[in-house]
Amino acid sequence: KNQVEQSPQSLIILEGKNCTLQCNYTVSPFSNLRWYKQDTGRGPVSLTIMTFSENTKSNGRYTATLDADTKQSSLHITASQLSDSASYICVVSGGTGGFKTIFGAGTRLFVKA
Amino acid sequence: KAGVTQTPRYLIKTRGQQVTLSCSPISGHRSVSWYQQTPGQGLQFLFEYFSETQRNKGNFPGRFSGRQFSNSRSEMNVSTLELGDSALYLCASSSAANMNSYNEQFFGPGTRLTVL
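These lines cover the structure that appears in this document, whether it is placed above or below. All of these numbers come straight from a predicted model, not from anything done at the bench.

A word on the sheet that holds strand β6 (residues 56-59) of chain A
Residue and element names in this part refer to chain A.
And then number 1: Strand order in this open sheet of 5 strands is β1-β3-β8-β7-β6, and the pairing throughout is antiparallel. Each edge of the open sheet carries a strand with a single partner, namely β1 (4-7) and β6. Ignoring strand direction, the axes of neighbouring strands in this sheet form an average angle of 15°.
And then number 2: Judged from the 6 bridges that link them, strand β7 (residues 62-67) and strand β8 (residues 72-77) form a sheet pairing that is antiparallel. Bridged to L66 within β8 is S73.

This is the structure we're talking about:
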């Protein structure tokens with residue numbers, strides 16, 4: 001069964017600290033993986049998109065890594081800011097018997113002053 | 001370029017009623033996807049349209065339907081509303097012919113539907 005699991009469910013960090021969010025998937029064959037940031041009450045905004053041939057992609061203070069062998073991805077946030085408080089959603093596309101896009105449940109990040 | 005717009009932003013309905021939500025994609029985008037987001041279920045895919053044709057459909061009952069017009073604007077309709085239909089409904093547009101492609105999807109702000 002194609003699944004995308006994210007951890008932790010929620011995370012509280014102090015402003016200025018770094019953090020890493022995890023995404024494990026079982027979607028196979030794999031096509032691409034995206035990380036989105038969603039502020040409360042708003043639509044998701046794309047942070048990174050990676051295919052199986054890419055193992056790192058950065059967008060400012062956000063760096064996503066991908067290990068297609070272990071089917072794991074991480075999103076690292078450097079020098080967190082209060083505005084980083086949001087949900088971070090991992091989305092994986094691929095699969096057989098009908099190409100699918102599977103959304104993870106998200107990690108809720110709280111950055112405190 | 002204007003982003004994806006959705007109307008209305010907020011809606012309150014009662015059980016048994018029907019509702020129509022509208023989405024205008026980014027100019028030039030021909031693919032529109034709809035999603036339901038609830039606190040317990042996260043983002044759930046409803047359906048995807050490309051050039052007025054439904055290309056993909058999620059696992060939702062027939063009460064949920066949609067369509068796309070020749071100008072790429074899309075509407076989704078929910079009939080016989082149930083309490084569990086209360087959610088944020090998001091629309092996303094893409095220049096790709098397939099929602100699963102590498103091309104980026106751009107999301108609208110969503111319509112918050114409350115069913116009483």
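A look at the nonpolar core
Residues and elements named next belong to chain A.
And then number 1: Residues V4, Y25, L33, W35, L75, Y88 and V92 are the most contacted members of the largest nonpolar core, which totals 24 residues.
And then number 2: Secondary-structure elements contributing two or more residues to this core are β3 (19-25), β4 (30-38), β5 (45-51), β7, β8, β9 (86-94) and β11 (107-112).
And then number 3: Dropping the residues within four chain positions of it, L75 is found in contact with C19, T20, L21, W35, L47, Y62, T63, A64 and Y88.

Quick word on the interface of chain B and chain A
And then number 1: With 16 residues of chain B at the contact, the number on the chain A side is 21 residues.
And then number 2: Both faces combined, the contact of chain B with chain A buries some 1500 Å², and carbon together with sulfur accounts for 52% of it.
And then number 3: At the surface where chain B touches chain A, the tally comes to 0 salt bridges.
And then number 4: Our count for the chain B to chain A interface comes out at 1 residue pair in polar contact (both at pLDDT 80 or more).
And then number 5: When residues of the side of chain B that touches chain A are traced back to their parent elements, those giving at least two are β4 (31-38) and β9 (87-94) of chain B.
And then number 6: Looking at the side of chain B that touches chain A, its residues break down into 8 nonpolar, 6 polar and 2 charged.

Quick word on the environment of A:P44
And then number 1: Note on placement: A:P44 falls in the loop between β4 and β5.
And then number 2: Sequence separation between A:P44 and A:I89 is 45 residues; the distance between their C-alpha atoms is 8.2 Å.
And then number 3: When near neighbours in sequence (up to four residues on either side) are disregarded, A:P44 contacts A:Y36, A:K37, A:Q38, B:L43, B:L90 and B:F107.

Parameters and conventions
- Residues numbered from 1 in each chain as written.
- Chains lettered and ligands numbered in written order.
- Predicted model: local features only at pLDDT ≥ 70, side-chain atom pairs only at ≥ 80, totals over all residues.
- Heavy atoms only, no water.
- Pairing = 2+ DSSP bridges.
- Helix = DSSP H or I, 4+ residues; strand = E, 2+ residues; numbered from the N terminus.
- Axes fitted to C-alpha atoms, helices over the stretch in contact; angles between N-to-C directions.
- Core = buried A, V, L, I, M, F, W, Y, C linked by side-chain atoms within 4.5 Å.
- Buried < 20%, exposed > 50% of the residue type's maximum accessible area, 1.4 Å probe, protein only.
- Contact = heavy atoms within 4.5 Å.
- Buried area = accessible area lost by both parts, 1.4 Å probe.
- Salt bridge = Lys/Arg side-chain N within 4 Å of Asp/Glu carboxyl O.
- Polar contact = N/O pair within 3.5 Å; in protein donor to acceptor, adjacent residues only side chain to side chain.
- Nonpolar A, V, L, I, M, F, W, Y, C, P; charged D, E, K, R; others polar.

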